[in-house]
Amino acid sequence: MTRGEKNWDIIDDLYPVPGEYVIDKAGKGAFGQSNMPLLLKNLGITHLVITGITTDVCVHTIMREANDYGYWCLLLKDGTGATDYGNYQAAIKQVKMQGGVFGWVSDSKKFVEGVRSAFPKIS
């Protein structure tokens, strides 16, 4: 999509609050054509929780790039989707192969439960 065109911007319900970071990616990945690697490094980030569309294209590309950069990655399978369910299933399977070659896969319910149990005062 082209910046400024119809359906380009973030929907109102998910629009970032002031001070929240936004990565403007120009391709299927987010590491090669954006400021994401520099931003993550400067913030000291080591682990990523990945969601988005489409699982078998952009999400998979970003997860592979992140893995190559040394990040620990968790894909939330119910936070992704694809135009073809077979491709979605194959992408999830590829992440989990060989004991998690690109990272790990979970779902949002288990992730939220894990965060709440690790930080009970926040929940």
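For the structure itself, look to the data block above.
Residues numbered from 1 in each chain as written. Predicted model: local features only at pLDDT ≥ 70, side-chain atom pairs only at ≥ 80, totals over all residues. Heavy atoms only, no water.

Enquirer: So what's going on with the packing of aromatic side chains? Which residues, and what values?
Expert: Between two aromatic rings, the relevant description is the distance of the centres plus the angle of the planes. Per the stated rule, a full pass over the model turns up four aromatic pairs. Measuring from centroid to centroid gives 4.8 Å for F31 and Y69, while their planes differ by 35 degrees, and the two rings are tilted. Of this pair, F31 sits in the segment before helix 1 (36-43) while Y69 sits in the loop between helix 2 (55-68) and strand 2 (72-81), placing them 38 residues apart in sequence. A ring pair is formed by W72 and W104, whose centres lie 5.3 Å apart and whose planes are at 10 degrees; its orientation type is stacked. Note that W72 is positioned in strand 2 and W104 in strand 3 (residues 104-106), a separation of 32 residues in sequence. A connected cluster of aromatic rings, assembled from ring pairs, spans F31, Y69 and Y71. (Phe/Tyr/Trp six-rings, centres within 6.5 Å; stacked < 30°, edge-to-face > 60°. Helix = DSSP H or I, 4+ residues; strand = E, 2+ residues; numbered from the N terminus.)

Enquirer: Requested: an account of the pairing of strand 2, with residues and values cited.
Expert: By the bridge criterion, six bridges tie strand 1 (residues 47-53) to strand 2 in an arrangement that is parallel. Note that in strand 2 the partner of G52 across the bridge is T80. Strand direction decides the pairing type here: strand 2 and strand 3, joined by three bridges, are parallel. Bridge assignment links L76 to a residue of strand 3, and that residue is S106. (Pairing = 2+ DSSP bridges.)

Enquirer: Outline helix 3 (residues 85-100), listing residues and values.
Expert: With 16 residues, helix 3 should reach 22 Å at 1.5 Å per residue; the first-to-last C-alpha distance of 21 Å fits that figure. Approximately 25 degrees is the largest bend angle found in helix 3, and it occurs at K93. By the burial criterion, the buried members of helix 3 are Y88, A91, I92, V95 and G100. On its buried face, helix 3 sits against helix 2, strand 2 and strand 3. At the N-terminal boundary of helix 3, the capping side chain belongs to D84, with an oxygen 3.1 Å from the backbone nitrogen of G86. (Expected span 1.5 Å × (residues − 1). Bend = angle between axes of the 7 residues up to and from the residue. Buried < 20%, exposed > 50% of the residue type's maximum accessible area, 1.4 Å probe, protein only. Contact = heavy atoms within 4.5 Å. Polar contact = N/O pair within 3.5 Å; in protein donor to acceptor, adjacent residues only side chain to side chain.)

Enquirer: A description of the nonpolar core should follow, citing residues and the corresponding values.
Expert: If you look at the biggest cluster of nonpolar residues, it comprises 17 residues, and the most contacted ones within it are F31, L48, I50, M63, Y71 and L75. When sequence neighbours within four positions are dropped, the list of residues in contact with L75 reads I50, V59, M63, T80, I92, V95, W104, V105 and S106. (Core = buried A, V, L, I, M, F, W, Y, C linked by side-chain atoms within 4.5 Å.)

Enquirer: Account for unusual backbone geometry, naming residues and giving values.
Expert: With an omega of -10 degrees, the peptide bond between I53 and T54 qualifies as cis. Relative to the helices and strands, T54 resides in the loop between strand 1 and helix 2. The phi dihedral of Q98 falls on the positive side, at around 55 degrees, and the residue is not glycine. Counting through the fold element by element, Q98 comes out in helix 3.

Enquirer: Please set out the environment of N35 residue by residue, giving values where relevant.
Expert: In this fold, N35 is placed in the segment before helix 1. Taking the C-alpha atoms as reference points, N35 and F102, 67 residues apart in sequence, are found 22 Å from one another.

Enquirer: Describe in detail the layout of surface pockets, supporting the description with residues and values.
Expert: Quantified by volume, the largest pocket comes out at close to 1,700 Å³. Taken together, 35 residues make up the lining of the largest pocket; nearest its centre are I10, V22, I23, D24 and K25. Of all the secondary-structure elements, those providing two or more residues to the lining of the largest pocket are helix 1, strand 1 and helix 2. Ranked by residues supplied to the lining of the largest pocket, first place goes to strand 1 with seven residues. Tallied by class, residues from the lining of the largest pocket come to 24 nonpolar, five polar and six charged. (1 Å grid on protein atoms, 1.4 Å probe; cavity = no way out; pocket = protein on both sides within 12 Å on 5 of 7 lines; lining within 4 Å. Points joined across faces, edges and corners; volume = space filled by probe spheres on them. Nonpolar A, V, L, I, M, F, W, Y, C, P; charged D, E, K, R; others polar.)

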